[in-house]
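Now for the letters of each chain:
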Number of protein chains: 2
Amino acid sequence: MPPATTRSEPHPRPRLSRPQKVAEAIKQWVMDEGWQPGHRLPSETDLMARFGMAKGTIREAIRLLEAQGLVKSRTGPGGGVFVHQVSEDRAAALLGNYVYFAHPSIDDIYQLRAALEPELAASLAGKLSAAQLAHLEKVVAESAPPAEMTEGARHAASLRFHVELSAFSENPLLRFFVRFLAELLSEVTVARGLHSDTNPELWQSGLTYQTRLIEALREGQPAQARAVMEAHMATAQGLMRRQEAAVTRRFLSDRAR
Amino acid sequence: MPPATTRSEPHPRPRLSRPQKVAEAIKQWVMDEGWQPGHRLPSETDLMARFGMAKGTIREAIRLLEAQGLVKSRTGPGGGVFVHQVSEDRAAALLGNYVYFAHPSIDDIYQLRAALEPELAASLAGKLSAAQLAHLEKVVAESAPPAEMTEGARHAASLRFHVELSAFSENPLLRFFVRFLAELLSEVTVARGLHSDTNPELWQSGLTYQTRLIEALREGQPAQARAVMEAHMATAQGLMRRQEAAVTRRFLSDRAR
DNA sequence: CCCAATTTGTTCGTATGTATC
DNA sequence: AGATACATACGAACAAATTGG
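Now for a look at the structure at hand. As the structure is a computational prediction, the values presented were derived from the model and not from experiment. (Residues numbered from 1 in each chain as written. Chains lettered and ligands numbered in written order. Predicted model: local features only at pLDDT ≥ 70, side-chain atom pairs only at ≥ 80, totals over all residues. Heavy atoms only, no water.)

**Concerning the pattern of salt bridges**
For side chains of opposite charge, pairing can occur when their charged atoms come near one another.
Moving on, step 1. Overall, the coordinates contain 29 salt bridges over all chains when judged by the stated rule.
Moving on, step 2. Of the charged contacts in the structure, one is a salt bridge between E60(B) and R63(A), with a shortest N-O distance of 2.9 Å. With one member in each of two chains, E60(B) in helix α3 (residues 55-67) and R63(A) in helix α3 (residues 55-67) form a pair that bridges those chains. Here E60(B) matches R63(A) in class, with each residue buried.
Moving on, step 3. Between R218(A) and E215(A) there is a salt bridge whose closest N-O contact spans 3.7 Å. Pair noted here: R218(A) and E215(A) are both in helix α9 (residues 200-219), with a separation of three residues, about one helical turn.
Moving on, step 4. A residue is classified by how much of its surface remains accessible, and R218(A), at 37% relative accessible area, is partly exposed.
Moving on, step 5. One network of salt bridges, with partners in common, ties together E60(A), E44(B), K55(B), R59(B), R63(B) and E66(B). (Salt bridge = Lys/Arg side-chain N within 4 Å of Asp/Glu carboxyl O. Helix = DSSP H or I, 4+ residues; strand = E, 2+ residues; numbered from the N terminus. Buried < 20%, exposed > 50% of the residue type's maximum accessible area, 1.4 Å probe, protein only.)

Here is the structure:
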């Protein structure tokens, strides 16, 4: 028989605060009713009555949901609290908080990019419109201007190619992860001032890889596209690998609207 | 010259509420000071004085940070608001909110798993201790008991193998993504009741793959481990592909503490 | 066991800001 | 311009939880 204590739970169950309970209840309520982005929740006054709690408590609950990007408030008549689709930017910022403490190395980031970017490239081969391909070529061209660009600007331009490419994927998860990793890599290198000593080779080789990749995408050759991206990743990873492993990072700034 | 309007910002800048401003300021403060998990922030009273705002406003700001998993509050003497490391679970729950609206298909999830799980397997070959290998074998054994298991239980057990395996990775990002995708897949299949018609073949083949994988890991053969996992993923993806593409999902429940 | 101190948690009343009609 | 309907913010008080004496 169990000991004669009153605790029935092995884990003492964190005992949620009232705002936490209300936030969970509202979240569940939204799911149960199947409310979509744009739907207006009851007013604060209504929520006070429904939950039998004071305004402050209700407001704190709404802040909990707001921080997760799930709701948005507007003042004035016709205003209120509205269900809101969690944006990619918001999700990236929240995930960035986790990464801040996980402090991955440059190599850790490239290990994932090397696995995902080639898959992205292969899956897009033959799927892009002429306009989309032209857009990619424009991005490449813009990253190779006269020469008065700073190293950081070139790096940012190169990053942009990967971000724009990911945006064309039909797979929302692949889109999100590839973009997140590219921007994370950029942040990490900038935060440590590593992009200045990644010699121009990286940037130069990146341009030729990107050009060849666009060609493979246009021709509809998945294997070729995958191979080019794999080589691109391997080259970049090799050039970056000189840097030490442990990384201290900054919070991703909240670029969510 | 720019037009003679007063607006200097192209984007009207969402004008942050006071709690949002305070939350951002505290976040920046923590980063600037380099405060680590466990560090105590000033008391609510102190913060009221510092920011010149009312108690309610300060508390709402703290809720914004709490929802992100960045701080934790305790009452009583020695209590207060403490910097808190964002847990994997919390990060997964927050990312789950994004995925809820992105509603990826089963195929979308497998596309990522097929790219990441083999990389995970390869990177762990020859790196696991005897105890870790034994643990994996135990997990496999527990997922193949008499026969009175329900289909759902078998599915959960199979999932557990992938989660436990990911936990051994030194790469925090790979660890997080692989686990997130495995649990997401499980949620999606359960939510749609798809695991009942994924015939026992899947479960049976999974067992043999897992056994062969453990062997490759023990022998220290990355290529072999990668190949086994690739075949495992391809098989599972093929059996799942019969299901339709679009998927409606639930919020990941907050399993964060 | 109780009591006191400390800190977050919660309530209520009131006033202000903002957007719509 | 004014009335209306909302969220936003303030201030004072009280409640609950935790720690230590």
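**Here we look at unusual backbone geometry**
Moving on, step 1. Phi is positive for H103(A), close to 30°, though the residue is something other than glycine.
Moving on, step 2. Along the chain, H103(A) turns up in the loop between α4 (88-102) and α5 (106-124).

**Focus on the nonpolar core**
One broad rule of soluble globular proteins: the nonpolar side chains tend to lie buried together.
Moving on, step 1. With 136 residues, the main nonpolar core has L217(A) and L217(B) as its most contacted residues.
Moving on, step 2. Dropping the residues within four chain positions of it, L217(B) is found in contact with A121(B), L124(B), A125(B), G126(B), L128(B), L133(B), L136(B), L165(B) and A225(B). (Core = buried A, V, L, I, M, F, W, Y, C linked by side-chain atoms within 4.5 Å. Contact = heavy atoms within 4.5 Å.)

**Observations regarding the packing of α5(A) against helix α8 (residues 172-191) of chain A**
Residue and element names in this part refer to chain A.
Moving on, step 1. Between α5 and α8, whose axes approach to 10 Å, the crossing angle comes to 140°. Read as a crossing pair, α5 and α8 show a hand that is left-handed. Note on element contacts: α8 touches α5 through L174, F177, V178, L181, A182, L184, L185, V188 and T189, opposite I106, I109, Y110, L112, R113, L116, E117, L120 and S123. (Axes fitted to C-alpha atoms, helices over the stretch in contact; angles between N-to-C directions. Left-handed = near helix turned anticlockwise from the far one by under 90°.)

**Structural notes on the protein's contact with DNA strand C**
Moving on, step 1. The full set close to DNA strand C counts 22 residues, and R18(A), T57(A), P77(A), R59(B) and R63(B) are the nearest of them.
Moving on, step 2. Taken together, the sugar and phosphate atoms account for 70% of what DNA strand C places within 4 Å of the protein.
Moving on, step 3. In the model, a base oxygen of DNA strand C is placed 3.1 Å from a nitrogen or oxygen of the K55(B) side chain.
Moving on, step 4. A distance of 2.9 Å separates a phosphate oxygen of DNA strand C from a polar atom in the side chain of R59(B).
Moving on, step 5. Sorting the residues of the surface near DNA strand C by element identifies α1 (18-33) and α3 of chain A together with α3 and β1 (71-74) of chain B as the ones contributing at least two each.
Moving on, step 6. At three residues, α3(B) tops the list of elements feeding residues into the surface near DNA strand C.
Moving on, step 7. A per-class count over the surface near DNA strand C returns five nonpolar, eight polar and nine charged. (Near = heavy atom within 4 Å. Polar contact = N/O pair within 3.5 Å; in protein donor to acceptor, adjacent residues only side chain to side chain. Nonpolar A, V, L, I, M, F, W, Y, C, P; charged D, E, K, R; others polar.)

**Details of the interface of chain A and chain B**
Moving on, step 1. In this assembly, 50 residues from chain A lie in contact with 51 residues from chain B.
Moving on, step 2. In total, chain A and chain B occlude about 4900 Å² of area from one another, counting both sides; carbon and sulfur atoms represent 68% of this.
Moving on, step 3. Considering only the surface of chain A that becomes buried against chain B, Y98(A), F101(A) and L173(A) emerge as the three largest contributors, covering 15% of it.
Moving on, step 4. Our enumeration of links across chain A and chain B arrives at four salt bridges.
Moving on, step 5. Across the salt bridge formed by E60(B) and R59(A), the nearest N and O atoms sit 2.9 Å from each other.
Moving on, step 6. Linking chain A with chain B are 14 residue pairs in polar contact (both at pLDDT 80 or more), by the criterion used here.
Moving on, step 7. Among the elements of the structure, α1, α3, α4, α5 and α8 of chain A are those that each provide at least two residues to the side of chain A that touches chain B.
Moving on, step 8. At ten residues, α4(A) tops the list of elements feeding residues into the side of chain A that touches chain B.
Moving on, step 9. Taken together, the residues of the side of chain A that touches chain B sort by class into 30 nonpolar, nine polar and eleven charged. (Buried area = accessible area lost by both parts, 1.4 Å probe.)

**Here's the deal with the relation of the copies chain A and chain B**
Moving on, step 1. By a simple turn and slide, chain A fits onto chain B: the slide is 0.0 Å along the axis, the RMSD is 0.1 Å, and the turn is 180°. The transformation just described matches what one would write down for a two-fold rotation axis.
Moving on, step 2. Both copies share a contact surface, since 100% of the interface residues of chain A are interface residues in chain B too. (Least-squares fit on C-alpha atoms with pLDDT ≥ 70 in both.)

**Digging into α3(A)**
All names here are of chain A.
Moving on, step 1. The end-to-end C-alpha distance of α3 is 18 Å, a good match for the 18 Å that 13 residues give at a rise of 1.5 Å each.
Moving on, step 2. Along α3, the residues that are buried comprise I58, E60, A61, I62, R63, L64, L65, E66 and A67.
Moving on, step 3. One or two residues past the end of α3 sits G69, with phi positive at roughly 80°. (Expected span 1.5 Å × (residues − 1).)

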